[in-house]
Structure formats: structure tokens, C-alpha cells
Amino acid sequence: MDGTAGPGEGPAHETLQTLSQRLRVQEEEMELVKAALAEALRLLRLHGPTTTLQGSGISAPTRNSSITVPPGLPPTCSPSLVSRGTQTEGGLEMEPISGPPGLSNGPPALQGGSEEPSGTQSEGGCSSSSGAGSPGPPGILRPVQPLQRSDTPRRNSSSSSSPSERPRQKLSRKAASSANLLLRSGSTESRGNKDPLSSPGGPGSRRSNYNLEGISVKMFLRGRPITMYIPSGIRSLEELPSGPPSETLSLDWVYGYRGRDSRSNLFVLRSGEVVYFIACVVVLYRPGGGPGGPGGGGQRHYRGHTDCVRCLAVHPDGVRVASGQTAGVDKDGKPLQPVVHIWDSETLQKLQEIGLGAFERGVGALAFSAADQGAFLCVVDDSNEHMLSVWDCSRGVKLAEIKSTNDSVLAVGFSPRDSSCIVTSGKSHVHFWNWSGGTGVPGNGILARKQGVFGKYKKPKFIPCFVFLPDGNILTGDSEGNILTWGRSVSDSKTPGRGGAKETYTIVAQAHAHEGSIFALCLRRDGTVLSGGGRDRRLVQWGPGLVALQEAEIPEHFGAVRAIAEGLGSELLVGTTKNALLRGDLAQGFSPVIQGHTDELWGLCTHPFQNRFLTCGHDRQLCLWDGEGHALAWSMDLKETGLCADFHPSGAVVVVGLNTGRWLVLDTETREIVSDVTDGNEQLSVVRYSPDGLYLAIGSHDNMIYIYSVSSCGTKSSRFGRCMGHSSFITHLDWSKDGNFIMSNSGDYEILYWDVAGGCKLLRNRYESRDREWATYTCVLGFHVYGVWPDGSDGTDINSLCRSHNERVVAVADDFCKVHLFQYPCARAKAPSRMYSGHGSHVTSVRFTHDDSFLVSLGGKDASIFQWRVLGAGSSGPAPATPSRTPSLSPASSLDV
């Protein structure tokens, strides 16, 4: 069977025949290998300086003889640890079967030799195994179920079963092929091996000790041991750096705006700053330039929240802000309680924390009262009953609470003329509430509800927004595109026991304003009203009697109108459903000042010599960002999900990997696609150019790394070979500084090394790669970074990792919404770090810019992009004593350390 055909192909009997034939070939090869080993040892004894070592488990001519230490072995190795060996181009490599007490797996130089696949050489000189997704080479103690990370034992992992018991294990067809070959070849080689140290305490036992003092360290993920070899220049782990790095991060800019699935998310403060939110951060943005002009303003950030912000309200004084968050969970899976923060927008100090423990799931809507200078705050939570509560802002106590409705509530507000009147709207309802008793005992207030009567008018499915008019009437916008005018009427009722006057709210007028839903209404300072449409993307200004005065249409690629806020003069701010923030007016049109992605992000790469970076994700958009101008340079539709990207060292082109196995090479200036290639039919997880730009490596979920030779500044490429040997999907890879070797990680926590220039060969002796220097370090598994993993990790807790170009620090993106900064190398267990919050979802990727002045991090589901300024040693400014934060930030919103 050739090196590319899987054992599971064809009828079962054909597969068994093929495996039997391969078994015979393997046995013949092993006999030749043993003969070569004996000859090599004889030559070493005759021609080199000798060291007396006792042999065991090898052919008779070399047993109990004086031999030299083979190249690549630690000085303490002995042939008694060797049961078989192979002759390679670079010298002699051996594989351990037994060893002295306490060293049951032998020296690491020998152990690494067990990782070379036994197969043929594929196209381009590539190492190949039994096929794509192969469990790997024979001679490795591991039954494997490919592509099932939770069930797949690692290469060289320990097992409690003895060799005689393994044939009875229920294996997959691919795993059985390797296991059967292992048993036959192992039994052949052990015939003459009578060393008692090769017994059940050997590599097949859970009692095995993979560590050799001063040579390797071992960590466990999901109970699986991962052995990593210590570089020769490190004499002791104690001499490695300890403590957090002197560098710190300060949040410089947040790209994006949460308009896709939230309301009450855009306001203008008295200072002229625009306040909105994304992820766990409330952004205060000061626009630059004139109306409709370019951005270029600044940002400040309130970061007191522990989970995603869902809604905002601005106090009548234009300074204080209330922001409500969702519940979420912490890193241990424990629920975090939703809460409302009231904070000062000038100092960013938290003034009051409202409702901790009182809300369920999250805060859906909130509003300040206006008639009494903002003394009260009403809140609707996201529980099944959508509890409506009224709070005293100064004391932070609840005055009244009632079950609102089982239907969703989308908006809430106090009447500007009477704080005892509250309006809520949402799915198929408009409710008018009266409350009393608010100045008495906390919690004893009474809320009474009256439903809006639609009468002869069709009841819409949703009423997303409303606004109070100066004359006391209320306008609502609904899902049918209508603006309804509601008025209050009072009729006398002499019915005994029912009191006197009866108050009702009825529709006074109706105007059809938009095609599709009306998402936003805004009362302007001149008394006119603005409405924003969903399907038609129109922004319409209405005069008295709902007469249309002026309108403008938002470009389609920005999405529908989600929120409207009035700025200075005639300037308007418009938030859209595609997470863009536009600035302009009805006469001159609108231009974007803030843009962002709309779905989960994974792909990130930074420019090799400019402060630019590129992102892509599930929204199928490829975006190039200007890190200095804080703006989107360009974007394009990929038509497919983009998962990874990398710039060519020349900066002329960028490669993007898609979820279908396709990868594209684009000209960064013209955005023209210069290459469109498909490798396999599974998603690509990593693409990476070599530091000299001569090779391109593409890691796929089909377990292979495809290698291409590159020319003409990246515009031309041709298949060079494939690296085959991983037993699970590729997750990360890095090139060596000389561009000849690759280090790669896979979904089952393997660390493999490849000689690309020498024909894409798997390097059998991992110990020999311990001193190799890497151009980048993004692999999450390796000696230099194993200290970043937390205790009890399941192997998915770290999504991305990146070493700075000056090799001083390493940034980590974890599954718990945090960005960490560690010293590099980070080779101590439980290494301390500086930890930074702000993302509201798993952080999917981190990358340093070319000069290490900034770090870029991507949020997953929150679709946010954070640009952090790196401060401290090696940067332009002195390192602060504590993690960098906005100077006026309150302790509650400071960064964690």
C-alpha cells in the first residue's frame, strides 16, 4: 500500500490483505535496520573515542562491548536503553524500549526517535503515513481515533495494558493497523532481550517516568503527558525569569460597535463625546473633523463590567451614565450576577452599583427619570417574567418591582413630564405603568399597568421603540413600518367600587413610514422626529402631524438603522445593524467613523513593517485596519468563512485560509486575487510564510501541513510537498529563523518538528530540536511557553499565543475572556502574568505589531477587536508600577493582575 492510501479504504478483506503485506515488509525492514545498527556500532567502536557502556537487547557482536556515544545522545545514555535503531542521513538515531530504574523510558534523545512515520516518500519528498488522518507510524504505543481530540491518546502516551492484552482492545481500523504492526515488530525485537528492566514498568506502563533530570520536563493535558526538552543553554529551571513581566498593556482603541443585536446603545454626552458599547467595554468616543468628515478622534473606556454590556442610559445632566450587563459565567463555570453600574463619564469613577443579585440573566433595558432631574432609574431584566423595577439612584435601593410580561421587552422610559409614568414596549404590546409610594419604605412602591388599546388598528408583532412628544403624546415605531401616535384619555366612571375617573391609552393617528421594521426614533432639539428603517435603511425627518420633511438612505453595506443620536448642530450619529457608527447629516450624507465585524472572529495577522493588521471571520469579511489612524483601510467579501491569514515578508500580498480548504493570495494594494488554491476539503486553521518568504506552510484539519515554494514576492507558488504524520488536525505552526524547519501543534496535543528544506521529513529525534531558534512563537505547546497553561487545563483553555519580536514577553488569549502577558521564556509551572479584561467572549487570537508597540486581540462571539499599547521596558514610555489603565479609572474598573 502506498503512503497516501488509508487502511479504511476498500472492502475489509482487501484492507486486511494489504496490512498483512505491509507487516511482512516491516519485519524485513527491521531485520535490515538491526544489521545496520550492529555495523554502525562496530565502526564507532573501531574509529572513535570510546566509552565503556553495557549493551542490552542488541545483536551479539555489540553486547557488553566498548562503544562510542552516538551523536545527539545525552552523555548519560547507554546502549542498555536501546532495543532498536535506525541509520539516518544526519547520523545514528535510536529508540528506547527499556532503561534503568527510574528511567523506564530512556534518555529523551532516544525517545524522540519513535516519532518517524513508517511510510513512503510522497510528492515533493514528503514524509507520509498510512494516509490522511493516519494514526501515525508503527512502533508507537497508542491506539488512536483520528480527529477526536477528547478520545485520542497522545503519541508515546502511557497505557496500563500489557502488550499481550492489546490485541483485545477495540480499536478503530486506522488504529488497529499501527497496533498490529507494533505487536509483531515488538515481539520480533524482544526475543533476545532478557533485561528485567524492560518489563511492565517500561514505556507501556502508567508508572513510566518520561523525565530525565536536566534534560526534559513534562506537563499533562487531559491526563496525557507531554514531554518537552530543555535547551542546552539552560542549566536549571531556577535560572529562568520569574514574576510577571515589566511590560504592561493599556487599552488604546476598540474597533467595533454592538449594533447587530442590541438597542439603547448610542448617546451623546454633554461633553460632545459619543458613548456606546461593545463586549464588556463602554466606549467614549470624541469624533475628529467636521460633520461627514473623517474620524481621527480619541477614545476613553469604562471597563468596570465583568461581562457583556447590554444597554445604556444617560442621566439628564449629560454626565452620569447607567450601563447594564448580562450574567455570564466565570472560568469555573459559576454564574456571574447581572448588575447596573452608574458612573461618572468625566472621571470614569463608578458611583453606584445597582441590583446585584436582583436581576436574572441580564439587564435588558433601563432609563433615568427626567422630570425630577434623574432621581430614579427603571430597569427591565431578561428573566422569563421580565421584572420591571424602580430604583433610587442616590441610595441604590429598590423602591418597587413587578412582573412585567412573558413577552420580550425591548424599550423602557419615564415620561419627561411625570416620573410616576413609565412606558414599556416589545413583542405585541405597549404598556403604560403608574407607580407610587416611591418615597416610603424601600420595596413598598406600587406599580399598576394599563395596556395600550389598538382598537381598529392592526396589532404589530413587535414595537421596538417609542419617543415622548412635548405635547404629552407618545410615538411608537413597529415591525409593520408604521408610526403610531398614542394619546391618553380620561373618562368618568360612576360604577360602584371602581372609583371615579378611568384612564385609557389609545391610538390617535397612524402614518406608514418605512418598509419593514422601524428600529429607532429620536426627538430632535427643534421638535422634529427622526425615524430609522430596517429593511429600507432610510432615515426620515418628520414635522408636526408626521409630515415627512427630509430623508437620507444608509448605504447597504452598513446595514439597517439601529440607533440615532443628535450631535452638535445639525450633526447626527447613526448606529447600524452591521456594527458601524456613522456620522453626518441628512443633507450631506453619512460616513463611517467606527466599523467592525458582525460575527465570530478567528483570523488575525500583523503587517511586517507597518502598524496595520488584517482580520477575518465568520461574517466572511476580510478587513485591513490602520492601527495608527484607527480606521478601516479596506474590506472585501470573501464569500466564505475566513479562519487564518498571514502577510508575506514583503508586505505585497497576504494569504487567507478558508473553511473549505481553499486559500487565497491577495495583493494588499489592489485587493486582486493572485492565487486561488484548494488543499483537501476541510478547514484551514493556520497559514504561515517562512521568514525569508520562500515557503508557505498551510495547516489543515485533514491532519496535514501543505508546503509551497513561493516566488515573485509571494505572487507565485507551487506545491513543494506535504508534512504527514500528525494524528489530529493542525492547530499552530512556526518556522525556524533559517526557514528550513517547522514546529507544529495538533488537536491531540502533539509537538512535531519537520525538516522542510530536506524534503518535508518528520524529525524523529525531537531532542535534537531543543536548541533550534524560531522566527515566531505561536505554538501553544512547547518548552518555552508551557508555563502559560493553568492548572487543570483541558487543552482548549488557550486559543492563541504570540511572542513579541524582541523576545521579551509572550501574550496569551484564553477561553475565559482574558488577555495575559507573561515573561518569555515562560517555562515555569504556574507562571505569574498580567491579566487584562474587556472581551466578552473567548479571545481567539493575539498578535504583536511589527515593532512591538501594540498588541491586537480578537474577541470570538463579541466580534470585538482590541488594540493594546505596550508600555514598559523596551517601549517609549516608563513602565507603571501597576497594570496600565485610564488614569481616572475607578478601582472597580481597573485591570486585574
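In what follows, the structure referred to is the one given above.
Residues numbered from 1 in each chain as written. Predicted model: local features only at pLDDT ≥ 70, side-chain atom pairs only at ≥ 80, totals over all residues. Heavy atoms only, no water.

(A) View of the overall build of the protein chain. Tallying secondary structure elements over the protein chain gives three helices and 60 strands in all. A buried classification covers 58% of the 897 residues belonging to the protein chain. Relative to all contacts within the protein chain whose residues are 6 or more apart in sequence, the contacts with residues 24 or more apart total 52%. Per element, the accessible surface of the protein chain, about 34,900 Å² overall, is 49% carbon and sulfur. (Helix = DSSP H or I, 4+ residues; strand = E, 2+ residues; numbered from the N terminus. Buried < 20%, exposed > 50% of the residue type's maximum accessible area, 1.4 Å probe, protein only. Contact = heavy atoms within 4.5 Å. Areas by Shrake-Rupley, 256 points an atom, 1.4 Å probe, with all protein chains shown as cover.)

(B) Up close: empty space enclosed by the protein. In the structure shown here, the tally under the stated rule is six cavities of 30 Å³ or more. Put simply, the largest cavity is a space of about 140 Å³. In terms of lining residues, the largest cavity is bounded by 16 residues, among which Tyr229, Tyr753, Ser769, Arg770 and Phe783 are the most central. Residue assignment for the lining of the largest cavity shows that the elements contributing at least two residues are strand S8 (224–229) and strand S52 (751–755). Here the lining of the largest cavity is composed, by residue class, of nine nonpolar, four polar and three charged. (1 Å grid on protein atoms, 1.4 Å probe; cavity = no way out; pocket = protein on both sides within 12 Å on 5 of 7 lines; lining within 4 Å. Points joined across faces, edges and corners; volume = space filled by probe spheres on them. Nonpolar A, V, L, I, M, F, W, Y, C, P; charged D, E, K, R; others polar.)

(C) Main features of the nonpolar core. Core analysis: the biggest nonpolar cluster contains 42 residues, and Leu266, Tyr276 and Leu855 have the highest contact counts within it. What Tyr276 contacts, discounting residues up to four positions off in sequence, is Gly256, Tyr257, Asn265, Leu266, Val281, Val282, Val283, Tyr285, Gln299, Leu312, Leu581 and Ile594. Among the nonpolar cores identified, the runner-up in size contains 33 residues, and Val217, Phe741, Tyr753 and Ile798 belong to it. (Core = buried A, V, L, I, M, F, W, Y, C linked by side-chain atoms within 4.5 Å.)

(D) Focus on the environment of Ile226. Looking at where Ile226 falls in the secondary structure, it is placed in strand S8. A residue is classified by how much of its surface remains accessible, and Ile226, at 1% relative accessible area, is buried.

(E) Seen up close, the pattern of salt bridges. What the rule picks out here adds up to 29 salt bridges. For Asp382, the salt bridge identified is with Arg310, shortest N-O distance 3.2 Å. Here Asp382, found in the loop between strand S19 (376–381) and strand S20 (388–392), pairs with Arg310, found in strand S14 (residues 309–314); they are 72 residues apart in sequence, far enough to count as distant. Residue Arg310 is classed as partly exposed on the basis of its relative accessible area of 23%. Between Glu480 and Lys458 there is a salt bridge whose closest N-O contact spans 3.9 Å. Here Glu480, found in the loop between strand S27 (474–477) and strand S28 (482–492), pairs with Lys458, found in the loop between strand S25 (446–451) and strand S26 (465–468); they are 22 residues apart in sequence, far enough to count as distant. The partly exposed category is assigned to Glu480, whose relative accessible area is 32%. A network of salt bridges, in which partner residues are shared, links Lys737, Glu773, Arg803 and Glu807. (Salt bridge = Lys/Arg side-chain N within 4 Å of Asp/Glu carboxyl O.)

(F) Local environment of unusual backbone geometry. Cis geometry is adopted by the peptide bond preceding Pro825, which originates at Tyr824 and carries an omega value of 0 degrees. Here Pro825 is to be found in the loop between strand S56 (819–823) and strand S57 (834–836). One non-glycine residue, Gln373, lies in positive phi territory at about 60 degrees. Secondary-structure assignment places Gln373 in the loop between strand S18 (363–368) and S19. For Arg620, which is not a glycine, the phi torsion comes out positive at approximately 70 degrees. Positionally, Arg620 belongs in the loop between strand S39 (612–617) and strand S40 (621–626). When its relative accessible area of 42% is taken as the criterion, Arg620 is described as partly exposed.

(G) Structural view of the environment of Ala509. On the secondary structure map, Ala509 appears in strand S29 (residues 501–512). Residue Ala509 is classed as partly exposed on the basis of its relative accessible area, which comes to 30%. C-alpha separation for the pair Ala509 and Gly487, spaced 22 residues apart in sequence, amounts to 9.1 Å. In this structure, Ala509 is in contact with Ile483, Leu484 and Thr485, ignoring residues within four places of it in sequence.

(H) Spotlight on the state of the cysteines. Across all of its chains, the model carries zero disulfides by this definition. Summary of cysteine pairing: Cys623 is not part of a disulfide, and the nearest cysteine sulfur, belonging to Cys616, is at 9.0 Å. Residue class for Cys623 comes out buried when judged on its relative accessible area of 5%. (Disulfide = S-S within 2.5 Å.)

(I) Spotlight on the packing of aromatic side chains. Enumeration according to the criterion identifies 20 aromatic pairs in this entry. Relative to Trp486, the ring of Phe432 has its centre 6.0 Å away and its plane inclined at 55 degrees; by these criteria the two rings are tilted. Of this pair, Phe432 sits in strand S24 (residues 429–436) while Trp486 sits in strand S28, placing them 54 residues apart in sequence. Exposure remark for Phe432: the relative accessible area of 1% places this residue in the buried category. (Phe/Tyr/Trp six-rings, centres within 6.5 Å; stacked < 30°, edge-to-face > 60°.)

(J) Broad picture of the pairing of strand S54 (residues 798–803). Summarising burial for S54: six of the six residues are buried, a large majority. As paired strands, S54 and strand S55 (residues 809–814) are joined by five bridges and run antiparallel to one another. Within the sheet, the bridge partner assigned to Arg803 lies in S55 and is Val810. What sits between the antiparallel neighbours S54 and S55 is a turn of five residues, in which Glu807 has the positive phi angle 60 degrees. (Pairing = 2+ DSSP bridges.)

(K) The arrangement of the sheet that holds strand S46 (residues 684–689) in detail. Reading across the sheet, the four strands line up as S46-S47-S48-S49 and stay open at both edges, with antiparallel pairing between neighbours. The open sheet has two free edges, formed respectively by S46 and strand S49 (716–724), since each of these has just one partner strand. Taken over all neighbouring pairs, the strand axes of this sheet differ in orientation by 20 degrees on average, direction set aside. Direction of pairing for strand S47 (residues 695–700) relative to strand S48 (residues 704–711): antiparallel, over a ladder of five bridges. Looking at S48, one finds that Ile698 is bridged to Tyr706. (Axes fitted to C-alpha atoms, helices over the stretch in contact; angles between N-to-C directions.)

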